[in-house]
Amino acid sequence: MSSSGSGQLSDESDSNMQPAEDDCERLMSSLPVEKGWVDRLCQFQGFWISPRKLRDVLTCQRRFQAQHTDVLLVTNPKSGTTWLKAIVFALMNRFRYPFADDNHPLLSHNPHVLVPFLRAELHVDGQVPSPRIIATHLPHHSLPDSVKDSPCKLVYLCRNPSDTFVSLWHFTNKIRSNGSGTEAVSLEESFDQFIGGVSVYGPYWDHVLGYWKASLESPERVSFLKYEGLKEQPKVQVSKLAEFLGRPFSSEEEANGALDGILKLCSFENLSNLEVNKTGTLASGEDFNNFFRRGEVGDAKNHLSPHMMEKLNQVIQEKLYGYGLKF
Ligand code: A3P
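What you are looking at is a predicted structure, and each value in this text was computed from that prediction instead of being measured.

Caption draft 1: Layout of the site of the ligand. Around the ligand sit 17 residues in total, of which Lys 78, Thr 81, Thr 82, Ser 167 and Arg 294 are the nearest. In this structure, an oxygen atom belonging to the ligand sits 3.1 Å away from a main-chain N or O atom of Gly 80. In this structure, Arg 293 approaches the ligand through a side-chain N or O atom, which is 2.7 Å from an oxygen atom. Taking 570 Å² as the accessible area of the ligand by itself, protein coverage stands at 98%.

Caption draft 2: Representation of the domain arrangement of the chain. Segmenting the chain into domains produces domain 1 (1–63) and domain 2 (66–161 + 200–297). Taking the mean C-alpha position of each, domain 1 and domain 2 sit 27 Å from one another. In this complex, domain 1 contributes 13 residues to the contact, which on the side of domain 2 involves 15 residues. If you sort the residues of domain 1 by the area they bury against domain 2, Phe 47, Cys 60 and Arg 63 come out on top, with a joint share of 42%. Inspection of the domain 1/domain 2 interface yields zero salt bridges. Seen at the junction of domain 1 and domain 2, the total is five residue pairs in polar contact (both at pLDDT 80 or more). Listed by contribution, the elements that provide at least two residues to the side of domain 1 that touches domain 2 are strand S3 (47–49) and helix H2 (51–63). For the side of domain 1 that touches domain 2, the element with the highest residue contribution is H2, accounting for seven residues. Residue classes in the side of domain 1 that touches domain 2 are distributed as six nonpolar, four polar and three charged.

Caption draft 3: How the structure looks around unusual backbone geometry. A cis amide bond links Ser 130 with the next residue in sequence, Pro 131, at an omega value of -5°. Structurally, the position occupied by Pro 131 is in the loop between helix H5 (111–114) and strand S5 (133–136). Geometrically, the link from Gly 202 to Pro 203 is a cis peptide bond, its omega value of 10° lying close to zero. When you line up the elements, Pro 203 lands in the loop between helix H8 (187–195) and helix H9 (204–217). Of note, Tyr 201 is a non-glycine position whose phi angle comes to about 70°, a positive value. With respect to the helices and strands, Tyr 201 occurs in the loop between H8 and H9.

Caption draft 4: Seen up close, the sheet that holds strand S2 (residues 40–44). The three strands are arranged S1-S2-S3 in an open sheet whose pairing can be described as antiparallel. Of all the strands in the sheet, the pair left with one neighbour each is strand S1 (33–35) and S3. The mean angle between the axes of side-by-side strands here comes to 35°, regardless of whether they run parallel or antiparallel. In the sheet, S1 pairs with S2 via three bridges, with the strands oriented antiparallel. Residue pairing for S2: Glu 34 is matched across the bridge by Leu 41. Strands in contact with H2 are S2 and S3; relative to S2, the strand with the most contacts, it is inclined by about 30°.

The rules behind these values
- Residues numbered from 1 in each chain as written.
- Predicted model: local features only at pLDDT ≥ 70, side-chain atom pairs only at ≥ 80, totals over all residues.
- Heavy atoms only, no water.
- Near = heavy atom within 4 Å.
- Polar contact = N/O pair within 3.5 Å; in protein donor to acceptor, adjacent residues only side chain to side chain.
- Areas by Shrake-Rupley, 256 points an atom, 1.4 Å probe, with all protein chains shown as cover.
- Domains from an automatic or database assignment.
- Contact = heavy atoms within 4.5 Å.
- Buried area = accessible area lost by both parts, 1.4 Å probe.
- Salt bridge = Lys/Arg side-chain N within 4 Å of Asp/Glu carboxyl O.
- Helix = DSSP H or I, 4+ residues; strand = E, 2+ residues; numbered from the N terminus.
- Nonpolar A, V, L, I, M, F, W, Y, C, P; charged D, E, K, R; others polar.
- Pairing = 2+ DSSP bridges.
- Axes fitted to C-alpha atoms, helices over the stretch in contact; angles between N-to-C directions.

Structural data, given as structure tokens:
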């Protein structure tokens with residue numbers, strides 16, 4: 001076993017491809033650990049994750065069977081996962097659920113309920129209707145082999161690092177206060193960890209670069225989107241996304257406003273004001289309304305000092321230098 005977070009696990013408990021509790025404990029004790037913003041974080045295969053989630057990741061990596069028709073939505077946390085889930089759900093299911101349908105599932109269900117995160121139990125046939133839309137925060141190199149070996153499509157949505165950081169900081173403090181009345185974690189302390197590479201599923205830049213490179217190598221398999229691009233040119237971006245997913249909008253649909261309808265249905269204004277999203281709670285305990293805060297580009301400058309912004313920009317420029325990816 002490695003102490004650098006490479007995460008080798010013995011195959012002792014392989015009968016149902018689920019690592020045994022003991023095996024997990026042993027692995028965990030060998031991994032680097034840092035104080036996280038909510039929980040501790042351990043470094044596994046080069047990325048930071050809550051120890052509570054490690055067993056699920058291991059099981060997924062061993063058990064998840066990708067299907068050719070799967071669509072995987074991938075994000076760094078707080079990069080617009082909820083928005084992407086809504087858009088792709090509406091887009092892929094638009095003949096079954098027309099955007100103007102008063103009973104559209106997005107009006108009564110939070111996007112996280114309609115599009116589940118990749119987890120061990122998803123291997124059970126029929127649990128998610130086909131073609132399956134599944135989300136994950138896993139870095140590219142840690143995706144299950146069945147995904148890497150499959151022609152299934154991956155849609156990656158990234159967001160500029162400063163807004164991602166600020167959104168994550170707000171979200172974390174909401175979760176901390178929901179829980180046991182724990183004190184808020186300071187912006188400065190969280191910032192230092194983030195620019196040091198310690199953030200959930202991070203380092204941020206490794207996550208983004210992994211999918212950026214994959215999208216350059218296999219553009220027919222991996223679509224790389226930016227939150228800011230979706231905000232700026234929603235019609236262009238979602239129309240391209242529909243083509244990428246093999247579901248282009250027909251001229252008839254364009255004439256009847258299907259694309260505009262989907263964008264409106266999935267907009268921050270619409271989703272955040274729905275009763276279900278104001279009052280509901282995920283099975284894992286997070287309130288749906290925690291996933292909707294401001295939904296704007298550039299909010300970070302209301303929280304970070306010019307010095308912090310400059311420091312973050314510097315780190316990001318260094319880390320992304322030479323890859324042709326800019327924010
Ligand atoms: P802010 O905290 O900056 O407001 P995730 O879905 O990955 O958890 O990301 C949450 C962020 O996306 C939050 O950002 C949230 O407000 C924003 N968001 C949620 N739904 C959105 C939508 N429909 N359109 C744009 N942004 C949205």
